[in-house]
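# Chain and residue survey
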Amino acid sequence: MKIKNVKEMDYYELLNISSTASPQEIERAYHLCKATYQAGSIAHYSLISEKERKTVLDRIEKAYNTLSDSKKRRLYDLQMFKSKEDIKEKAFFRKSMEKLVIEDTADKVGIWRKLKYMLFSPKK
Amino acid sequence: MSQTNSEAKIPLLSLHEGRNQTIWAVGGGKGGTGKSFISASLAIQLASLGNDVTLIDADLGGPNLHTFLGMKETNLDLGDFITNKVPSLKDTAILTPFDGLKLIKGTENLLFMANLNYYKKLKLIRHIKTFDAKRVIVDIGTGASYNCVDFFLLSNPGILVVNPEPTSIENAYYFLKSCIIRILKLYTDFYDIQDLVSKISSHIKDNSKSIYSFLNEIISHDRHYAHILYKALKKFRPCLLINKARNERDFLLGQSIVDVVRKYLIVDLKFLGAIPYDERVHFSLRNMTPYLSAYPDSEVSLSFRSIVEKLAYGQN
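Residues numbered from 1 in each chain as written. Chains lettered and ligands numbered in written order. Predicted model: local features only at pLDDT ≥ 70, side-chain atom pairs only at ≥ 80, totals over all residues. Heavy atoms only, no water.

### Observations concerning the overall build of chain B
In terms of helices and strands, chain B carries 14 helices and eight strands. Counting every position in chain B, which comprises 316 residues, the buried fraction comes to 57%. Put simply, of all contacts in chain B between residues at least 6 apart along the chain, 76% involve residues at least 24 apart. Put simply, chain B shows about 13300 Å² of open surface, and 50% of that area lies on carbon and sulfur atoms. (Helix = DSSP H or I, 4+ residues; strand = E, 2+ residues; numbered from the N terminus. Buried < 20%, exposed > 50% of the residue type's maximum accessible area, 1.4 Å probe, protein only. Contact = heavy atoms within 4.5 Å. Areas by Shrake-Rupley, 256 points an atom, 1.4 Å probe, with all protein chains shown as cover.)

### Looking at the pairing of strand β7 (residues 239-245) of chain B
Residue and element names in this part refer to chain B. For β7, the tally of buried residues reaches six of seven residues, placing the bulk of the element in the interior. Examined bridge by bridge, strand β6 (residues 158-162) and β7 share four bridges and lie parallel to one another. Looking across to β7, one finds that Val-162 is bridged to Ile-242. For β7 and strand β8 (residues 270-276), the ladder comprises six bridges, and the chain directions are parallel. Looking across to β8, one finds that Asn-243 is bridged to Ile-275. (Pairing = 2+ DSSP bridges.)

### Here we look at the side chain of B:Thr92
Residue and element names in this part refer to chain B. Here Thr-92 shows up in the loop between α3 (78-82) and β3 (94-95). The exposure class of Thr-92 is buried, given its relative accessible area of 0%. In this structure the side chain of Thr-92 is engaged in a polar contact, spanning 2.6 Å, whose partner is the backbone oxygen of Leu-89. Setting aside residues up to four positions removed in sequence, Thr-92 forms contacts with Leu-76, Asp-77, Asp-80, Phe-81, Val-86, Leu-103 and Ile-104. (Polar contact = N/O pair within 3.5 Å; in protein donor to acceptor, adjacent residues only side chain to side chain.)

### Here we look at the sheet that holds strand β1 (residues 22-27) of chain B
Residue and element names in this part refer to chain B. Overall, mixed pairing links the eight strands, which are arranged β3-β4-β2-β5-β1-β6-β7-β8 in an open sheet. If you trace the sheet from one side to the other, it starts and ends with β3 and β8, each paired once. The pairing of β1 with β6 spans three bridges and is parallel. Bridge pairing links Gly-27 to Leu-160 in β6. Together, β1, β5 (135-140), β6, β7 and β8 form the strand contacts of helix α14 (residues 299-313), whose direction differs from that of β8 by roughly 165°. (Axes fitted to C-alpha atoms, helices over the stretch in contact; angles between N-to-C directions.)

### Overview of the environment of B:Asp139
Residues and elements named next belong to chain B. Position of Asp-139 among the secondary structure elements: in strand β5. Relative accessible area serves as the criterion here: at 0%, Asp-139 is assigned to the buried category. A sequence separation of 120 residues divides Asp-139 from Asp-259, and the C-alpha atoms of the two residues are 26 Å apart. In this structure, Asp-139 is in contact with Val-26, Lys-35, Ser-36, Ser-39, Ile-56, Asp-57, Ala-58, Asp-59 and Leu-65, ignoring residues within four places of it in sequence.

### Section: the packing of aromatic side chains
Residue and element names in this part refer to chain B. Following the criterion strictly, the structure yields 14 aromatic pairs over all chains and no others. Between Phe-37 and Phe-68, the ring centres sit 6.4 Å apart and the planes meet at 45°, which makes this aromatic pair tilted. Taken as a pair, Phe-37 in helix α1 (residues 35-48) and Phe-68 in helix α2 (residues 65-68) lie far apart in primary sequence, 31 residues in all. Judged by relative accessible area, which is 16%, Phe-68 ranks as buried. Here the aromatic rings of Tyr-191 and Tyr-225 are separated by 5.8 Å at their centres, their planes lie at 50°, and the arrangement is tilted. Of this pair, Tyr-191 sits in the loop between α7 (166-190) and α8 (194-205) while Tyr-225 sits in helix α10 (residues 223-235), and the two are 34 residues apart along the sequence. (Phe/Tyr/Trp six-rings, centres within 6.5 Å; stacked < 30°, edge-to-face > 60°.)

### Details of the nonpolar core
Soluble globular proteins tend to bury their nonpolar side chains together. A:Leu15, B:Leu89, B:Leu124, B:Ile128, B:Phe151 and B:Ile257 are the most contacted members of the largest nonpolar core, which has 93 residues in total. No other element matches the twelve residues that α7(B) contributes to this core. Discounting residues that sit within four places of it in the chain, B:Ile128 has contacts with B:Gln21, B:Ile23, B:Ile56, B:Leu89, B:Val136, B:Val138, B:Phe151 and B:Leu154. If you look at the next biggest cluster of nonpolar residues, it comprises 36 residues, including B:Ala40, B:Ala43, B:Phe68 and B:Val161. (Core = buried A, V, L, I, M, F, W, Y, C linked by side-chain atoms within 4.5 Å.)

### A few points about the interface of chain B and chain A
Facing the 27 residues of chain B at the interface are 24 residues of chain A. It is B:Tyr212, B:Lys263 and B:Tyr264 that lose the most area in chain B upon contact with chain A, and together they represent 30% of the buried surface on that side. Where chain B packs against chain A, one counts zero salt bridges. Seen at the junction of chain B and chain A, the total is six residue pairs in polar contact (both at pLDDT 80 or more). Listed by contribution, the elements that provide at least two residues to the side of chain B that touches chain A are α7, α9 (211-221), α10 and α11 (248-264) of chain B. In terms of residues, the side of chain B that touches chain A owes the most to one element, α11(B), which gives ten residues. Here the residues of the side of chain B that touches chain A sort into 17 nonpolar, four polar and six charged. (Buried area = accessible area lost by both parts, 1.4 Å probe. Salt bridge = Lys/Arg side-chain N within 4 Å of Asp/Glu carboxyl O. Nonpolar A, V, L, I, M, F, W, Y, C, P; charged D, E, K, R; others polar.)

### Re the pattern of salt bridges
Residues and elements named next belong to chain B. Per the counting criterion, the structure on display carries twelve salt bridges over all chains. Among the ionic pairs, Glu-309 bridges to Arg-305, the shortest N-O distance being 3.4 Å. Taken as a pair, Glu-309 and Arg-305 lie in helix α14 at a separation of four residues, close to a single helical turn. The partly exposed category is assigned to Glu-309, whose relative accessible area is 22%. Given a relative accessible area of 37%, Arg-305 falls into the partly exposed group. The network of salt bridges with shared partners includes Lys-121, Asp-150 and Arg-182.

Structure representation (structure tokens):
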């Protein structure tokens, strides 16, 4: 059993996303977390101190900087999950998914057009 | 809430595992957040979908669910059951103007009911748990007294009602913290772990400690029982409902509260959604007409429909 406080949470736990989260999911989670812990937000009212709030916000920034950069993320994953075989597989799966998402974002219709062509184009 | 056979004997926790019954308890600590309005509206909405629903007014110090349902006078109430005038809680259930919906009205003898003793409360909780209705909705009073917390803990799930205001959020956190301490206390009493009981008692007096540091203290003291307590806390999965939301920011606040509660109170809250603010709620009360009947196609009514579907049928 491991009960973690915010300082001990890994970046995925901190942003409340899975280790296979897509870049879009990371972006969304980052903006929500940032809004939650920004000064003047009432979401944490009376539960955490100003010092804790700044510490969490700091870690959220670091988490986002790492996870939003695919190279940094890969390195982080490798360091994080060194001893966990099953998570290594997930990270590999994410890597391949990520490639798909990037292709998709660069040319939104491109990949679907290709797929449609592959699946439904009349056979020669 | 799944429990081991032995843990099922803990008297104040949810024990209807395997029973075809759901109890939703609507609470939240602060007064005026709209708990009774939400209880009444959820009940009307659930009954309108063909369910057999009983609404219990457990706001012992200030019952007024009957007014939300547009009912002026009733004969029997909860007090008749507590004072043994009727043998069973179900004898106090009265018909309402809504098909499939029954009400157990709170009593007007407030001084007596608001200070219900432990054995009377246990009797009431036992009857609620074995109540012969598939769907029971319990409206809980204001504050984090043992009565309020215990009614909240008997539900599956409890619905925490919060307004997008610091006062309401603050009270909701204290309410959740009280629930956590109560669960830990019930478990340590049940397992008769006296040294942990004394640690919990000292924690209740010293509210400055975080749940995290408190649990870690228990882990260092006794790993086996710490594991049992941690599992007990993880079974506690209340839902969050934002009421009187005025904009998208208020809706997003719900997700933010879920995040803060997960990180600082180690509890997994489920965000059900937000009910928009509507001035007509006030008018419908003034006219003694249930809001859902007066404005069935409003945003508020549609929100209730989606929340009931999410809660009762697991639809998103």
